[in-house]
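Given next are the chains, with one letter for each unit.
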Amino acid sequence: MSNEPIEMSEYEFSKLRDFINEFSGLYFDDGTRYFLEKRLHNRLKLHQFNNFEDYYFYLKYDKGKDEEINAIAEVLTTNETYFFREEPQLNAFAKEVLPEIKSEFEKEGKKELRIWSAGCSTGEEPYTLAILIKQSGLFEGWNVEIFGSDISLRVLQTARSGIYSSSSFRLTKEEYIAKYFEIIGDKFKINDNIKNIVTFGQLNLIDNNKISTIEKMDIIFCRNVIIYFNNDTKKLVTESFYEKLKEKGFLFLGHSETLINISNKFILRHYTNDMVYQKPALTL
Ligand SMILES: C[S@@+](CC[C@H](N)C(=O)[O-])C[C@H]1O[C@@H](n2cnc3c(N)ncnc32)[C@H](O)[C@@H]1O
């Protein structure tokens, strides 16, 4: 079979784009036909299809469809991430939110902290949070659990390995690298005392059945994920976060992401370093 490009018609584009949106929440607007055509080209070749319509029917009805859906999530997601991304927000987390949580929980005699990094990609975000918690020294002797999830199995493999190259450290202080990583050749391996706090699992954020099995969280980070969704999906995912947060739990979105026109259920807390969404206390 030749490696000639296969053109995607408008009709095929609209079928595939809607299907992808339905299973992943990822939204491809009208200007992205060529992008989708290019990204899916190798999948068609692999299955020896000559046109996108046949591929669409394969995705919809073939017994191998679940595996293929996983495979296209790999080629369509943007997995860019690095340690200590968006510093002002992390300062709000470490210097303002964590001390507040500690003093609130202590009043209630609680010594357990659960954090979810939703759309964690290769794991730099949940490991950053684990490092900041260790650095804070506030939770020694507590049961701290951080759960990282992503739709892509490939990124989770890297996350679980805890091994990174220098491109993941563009904003990391040298002292943190020395303290929390072992340098092996040109790679950096996260220390076990950080790795042990974090677990990973595959989870599609629009799969409500699977999300219903997750325990309630004190803090959710979902940064640079919902920018790829349309408003309907943003609303659906935000509603899940609301459900999964405990009362007064915190939601950290990416700096370009907002709940304006998406949800009015959260309050926006103005800290010195940044603004953070919070689920209000329930009133009886
Ligand atoms: C740009 S990365 C963000 C990583 C990290 N949160 C950060 O801010 O550095 C976006 C991640 O969201 C994941 N993602 C996209 N759609 C998803 C979905 N429906 N369910 C779960 N993860 C999804 C992608 O696979 C990708 O790894």
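An account of the accompanying structure is given in this report.

1. Some thoughts on the layout of surface pockets
Phase 1 of the analysis: Of the pockets and cavities examined, the largest pocket occupies roughly 510 Å³.
Phase 2 of the analysis: Lining of the largest pocket is provided by 29 residues; of these, T77, T78, N224, V225 and Y228 occupy positions nearest its centre.
Phase 3 of the analysis: Its residues assigned to classes, the lining of the largest pocket shows 14 nonpolar, ten polar and five charged.
Phase 4 of the analysis: Looking at the lining of the largest pocket, you find at least three residues from each of domain 1 (10-76) and domain 2 (87-278).
Phase 5 of the analysis: One number sums up the size of the second largest pocket: a volume of about 270 Å³.
Phase 6 of the analysis: Broken down by secondary-structure element, the contributors of at least two residues to the lining of the second largest pocket are α5 (87-107) and α6 (124-136).

2. As for helix α11 (residues 231-244)
In an α-helix, one turn spans 3.6 residues, which is why side chains three or four residues apart end up on the same side.
Phase 1 of the analysis: Given a rise of 1.5 Å per residue, 14 residues ought to cover 20 Å, and the 20 Å separating the end C-alpha atoms of α11 matches this to within 8%.
Phase 2 of the analysis: Buried within α11 are the following residues: T233, K234, V237, T238, S240, F241, Y242 and K244.
Phase 3 of the analysis: Against α1 (10-24), β1 (112-118), α10 (208-211), β7 (217-222) and β8 (245-253) lie the buried residues of α11.

Definitions and cut-offs
- Residues numbered from 1 in each chain as written.
- Predicted model: local features only at pLDDT ≥ 70, side-chain atom pairs only at ≥ 80, totals over all residues.
- Heavy atoms only, no water.
- 1 Å grid on protein atoms, 1.4 Å probe; cavity = no way out; pocket = protein on both sides within 12 Å on 5 of 7 lines; lining within 4 Å.
- Points joined across faces, edges and corners; volume = space filled by probe spheres on them.
- Nonpolar A, V, L, I, M, F, W, Y, C, P; charged D, E, K, R; others polar.
- Domains from an automatic or database assignment.
- Helix = DSSP H or I, 4+ residues; strand = E, 2+ residues; numbered from the N terminus.
- Expected span 1.5 Å × (residues − 1).
- Buried < 20%, exposed > 50% of the residue type's maximum accessible area, 1.4 Å probe, protein only.
- Contact = heavy atoms within 4.5 Å.

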